[in-house]
Amino acid sequence: MKIKIMRGACAAGAVTASLLALLAAVPAQAESASPRAAQAAGLAQAEPVPDKSLELPAPTGSQSMGTVSLHLVDRSRPDPWVPTAKTRELMVSLWYPAEKGAGRSAPYMTDEEAAALLKGQNITDVPSEVVSGIRTHAVTGARPVGRKGTLPLVVLSPGFTMSRSSLTSLAEELASRGYVVVGIDHVHESYGTSLPGGRLAGCVACKEQEADAWKFGDKAVKGRQADVSFVLDRLLGRHPVWKGARLIDRSRIGMAGHSLGGSSTPWTMLKDPRVRAGINMDGTFFVPIPDKGLARPFMLMGAGEVHEPGGKDFTWGRDWARMTDWKRWLTVEGGDHASFTDYPLLTKQSARELEITRAYVAAFMDRHLRGRDQRLLDGPSGTFPEVKFWK
């Protein structure tokens, strides 16, 4: 199965005046597409499904991986999108180094989540099991391994309308290299999140996003910061929710986000000093970095011309000037908004963009959470000629 991607670009003028284009890199030839459809991977026009199922590219690290999913409830605040819900529910997945042994690889996502994603993208001729059945590499419930207090932690926050599963390949790569990774489903911000009891939470936030993109962005970024800080509290507190939490080094925490998740990363770092380093992958800065600046390592990874200096997303140049510590600004030539997710595997049957994302994110985290010199971050590479460095 190959799904053709609608090329991500504001540059062709499809919706140049729209903030939605900055958030989602609205496809140039999709002028009639709904804003919500543009928020996700831009999946469209499915072709026949092959006999062979899809599989995420194998991680390059040396360690076996485990994964677990957790349902967390923050009873200190109501849900920001459903005021009648007096608590904030979240679904998170953890990927981590694990004992090698037999076991079932984890499902990519639930069939209900896959069906909601396809419906949100207006795709009617692709069976949901094609997406939910993508083969992964981490084993469900495998026993964590490592010495107490030694494993760095990376938080992953997905794009708007996307679930935490959209960053699975990146999470597995980091886990295979000795990181604990926590991916967060910000409930009511994705097309569908499966909750305990057979419930499926839909995208309630989509209505607010369509009404006022700036106002929505501000609210969503601040809400995601609260989500991340709550998850860190539950992982690192006196009574952690995960049995492997004792392995985490609390002084070495990073965060990477795609789209709205990337937008939320610097704000989270400003509000939560536990997050030492961050990456924004193709997200508009809805909440500006304040004039006092962000004095921790940060990397921008963008797709194509939209996020080059002087591109359509003016917020990158504005906030780049306010990053006062180590920083890098990279773009992927020929990339699109979905390039930093698993979806190029679906849309292009290509793992090249996943390879680029995994290599640069891992290099950044190794440099700033492990203190390892990474020449890949020093300038253009013959291995990845698509990646441009900007100052």
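Residues numbered from 1 in each chain as written. Predicted model: local features only at pLDDT ≥ 70, side-chain atom pairs only at ≥ 80, totals over all residues. Heavy atoms only, no water.

Undergrad: I'd like a description of the overall build of the protein, backed by residues and values.
TA: Across its full length, the protein holds 11 helices and 14 strands. Classification of the 391 residues of the protein by burial places 62% in the buried group. Pairs at least 24 apart in sequence give 73% of the contacts found in the protein among residues at least 6 apart. Put simply, the protein shows about 15,200 Å² of open surface, and 50% of that area lies on carbon and sulfur atoms. (Helix = DSSP H or I, 4+ residues; strand = E, 2+ residues; numbered from the N terminus. Buried < 20%, exposed > 50% of the residue type's maximum accessible area, 1.4 Å probe, protein only. Contact = heavy atoms within 4.5 Å. Areas by Shrake-Rupley, 256 points an atom, 1.4 Å probe, with all protein chains shown as cover.)

Undergrad: Describe in detail the state of the cysteines, supporting the description with residues and values.
TA: For the structure on display, the rule yields one disulfide. Each sulfur of the disulfide joining Cys-203 and Cys-206 lies 2.1 Å from the other. Its S-S torsion of about 90° marks the bond between Cys-203 and Cys-206 as right-handed, since a negative value means left-handed. (Disulfide = S-S within 2.5 Å.)

Undergrad: Explain the environment of Met-109 to me, using residue names and the numbers behind them.
TA: Residue placement: Met-109 occurs in the loop between strand S4 (88–97) and helix H3 (111–120). For the pair Met-109 and Ser-165, spaced 56 residues apart in sequence, the C-alpha to C-alpha distance is 6.3 Å.

Undergrad: Please provide a residue-by-residue account of the pairing of strand S3 (residues 65–74), values included.
TA: By the criterion of burial, S3 is predominantly enclosed, with eight of the 10 residues buried. Relative to S4, S3 runs antiparallel, the two being bridged by 10 bridges. Bridging across to S4, Val-73 finds its partner in Glu-89. Inspection of the sheet shows S3 paired to strand S5 (residues 139–140) by two bridges, in the parallel sense. Looking across to S5, one finds that Thr-67 is bridged to Thr-140. (Pairing = 2+ DSSP bridges.)

Undergrad: How would you explain the confidence of the model for the protein if you had to name every residue and give the values?
TA: Of all residues in the protein, 87% attain a pLDDT of 70 or more, and the chain-wide mean is 88. Here residues 1–51 is modelled with pLDDT under 50, and outside its nearest four sequence neighbours on either side it reaches 144 contacts, counting other chains as well. (pLDDT = per-residue confidence, 0-100.)

Undergrad: Residue-level account of the packing of aromatic side chains, with values.
TA: Two measures describe an aromatic ring pair: the distance that separates the ring centres and the angle between the ring planes. A full pass over the atoms with the stated rule returns 11 aromatic pairs. Judged by centre distance (6.4 Å) and plane angle (50°), the ring pair of Phe-285 and Phe-298 falls under tilted. Taken together, the positions of Phe-285 in the loop between strand S11 (277–281) and strand S12 (298–303) and Phe-298 in strand S12 put the pair 13 residues apart, joining distant regions of the chain. Through a chain of ring-to-ring contacts, the aromatic side chains of Phe-285, Phe-298, Trp-316, Trp-320 and Trp-329 assemble into a single cluster. (Phe/Tyr/Trp six-rings, centres within 6.5 Å; stacked < 30°, edge-to-face > 60°.)

Undergrad: Which residues make up the sheet that holds strand S10 (residues 248–258), and what values go with them?
TA: An order of S5-S3-S4-S7-S6-S10-S11-S12-S13-S14 is seen for the 10 strands of this open sheet, with the pairing classed as mixed. Among the strands making up the open sheet, the edge pair consists of S5 and strand S14 (387–390). Bridge analysis of S12 against strand S13 (residues 327–332) gives six bridges, and the strand direction is parallel. The partner of Ala-303 across the bridge, within S13, is Val-332. Lying over the sheet, helix H5 (residues 168–176) contacts S3, S4, strand S6 (151–157), strand S7 (180–185) and S11, oriented at roughly 45° with respect to S4. (Axes fitted to C-alpha atoms, helices over the stretch in contact; angles between N-to-C directions.)

Undergrad: Residues and numbers for the side chain of Thr-193, please.
TA: Structurally, Thr-193 can be placed in strand S8 (residues 193–195). Assessed through its relative accessible area of 0%, Thr-193 is described here as buried. Sequence-distant contacts of Thr-193, defined by excluding residues within four places in its chain, comprise Met-91, Glu-113, Asp-185, Val-187, Arg-199, Leu-200 and Ala-201.

Undergrad: How would you summarise the pattern of salt bridges if you had to cite specific residues and measurements?
TA: Applying the stated rule across the entire model yields 27 salt bridges. A salt bridge links Arg-252 to Asp-249; the nearest nitrogen and oxygen atoms lie 2.7 Å apart. In the salt-bridge network here, residues are joined through shared partners; they are Asp-74, Arg-77, Asp-79, Arg-88, Glu-189, Arg-224 and Asp-227. (Salt bridge = Lys/Arg side-chain N within 4 Å of Asp/Glu carboxyl O.)

Undergrad: Describe the nonpolar core, with residues and values.
TA: Judged by nonpolar contacts, the single largest core of 39 residues is most densely connected at Leu-94, Val-182 and Trp-242. Put simply, the parts of the chain that give this core at least two residues each are S3, S4, S6, S7, helix H7 (213–236), S10, S12 and helix H9 (314–320). The biggest single contributor to this core is H7, with six residues. In this structure, Met-301, Ala-303, Leu-330 and Ile-356 belong to the second largest nonpolar core, which totals 36 residues. (Core = buried A, V, L, I, M, F, W, Y, C linked by side-chain atoms within 4.5 Å.)

Undergrad: Can you tell me about the packing of H5 against helix H11 (residues 352–369), naming the residues and giving the values?
TA: Viewed as axis vectors pointing N to C, H5 and H11 meet at an angle of 45°, and their least axial separation amounts to 10 Å. Viewed along their axes, H5 and H11 adopt a mutual orientation that is oblique. Between H5 and H11 lies a crossing whose hand is right-handed. Of the residues in H11, those in contact with Ser-169, Leu-170, Glu-173 and Leu-174 of H5 are Leu-354, Thr-357, Arg-358, Val-361 and Ala-362. Considering only residue class, the contact of H5 with H11 consists of five nonpolar, two polar and two charged. (Parallel < 35°, antiparallel > 145°, perpendicular 65-115°, else oblique. Left-handed = near helix turned anticlockwise from the far one by under 90°. Nonpolar A, V, L, I, M, F, W, Y, C, P; charged D, E, K, R; others polar.)

Undergrad: Mind laying out the pairing of S4, listing which residues take part and the relevant values?
TA: For a regular strand, side-chain orientation follows a simple rule: the groups alternate between the two sheet faces. Buried residues dominate S4, accounting for 10 of its 10 residues. Pairing of S4 with S7, which is carried by five bridges, proceeds in the antiparallel orientation. Its bridge partner being in S7, Ser-93 is matched across the sheet by Gly-183.

Undergrad: Tell me about H5, residues and numbers included.
TA: Counting buried residues along H5, nine of its nine residues qualify, which places the element largely inside the surrounding structure. Within H5, burial applies to Thr-168, Ser-169, Leu-170, Ala-171, Glu-172, Glu-173, Leu-174, Ala-175 and Ser-176. Structurally, H5 contributes buried residues whose contacts are with S3, S4, S6, S7, S11 and H11. Remark: Gly-178 follows H5 within two positions and exhibits a positive phi of approximately 100°.

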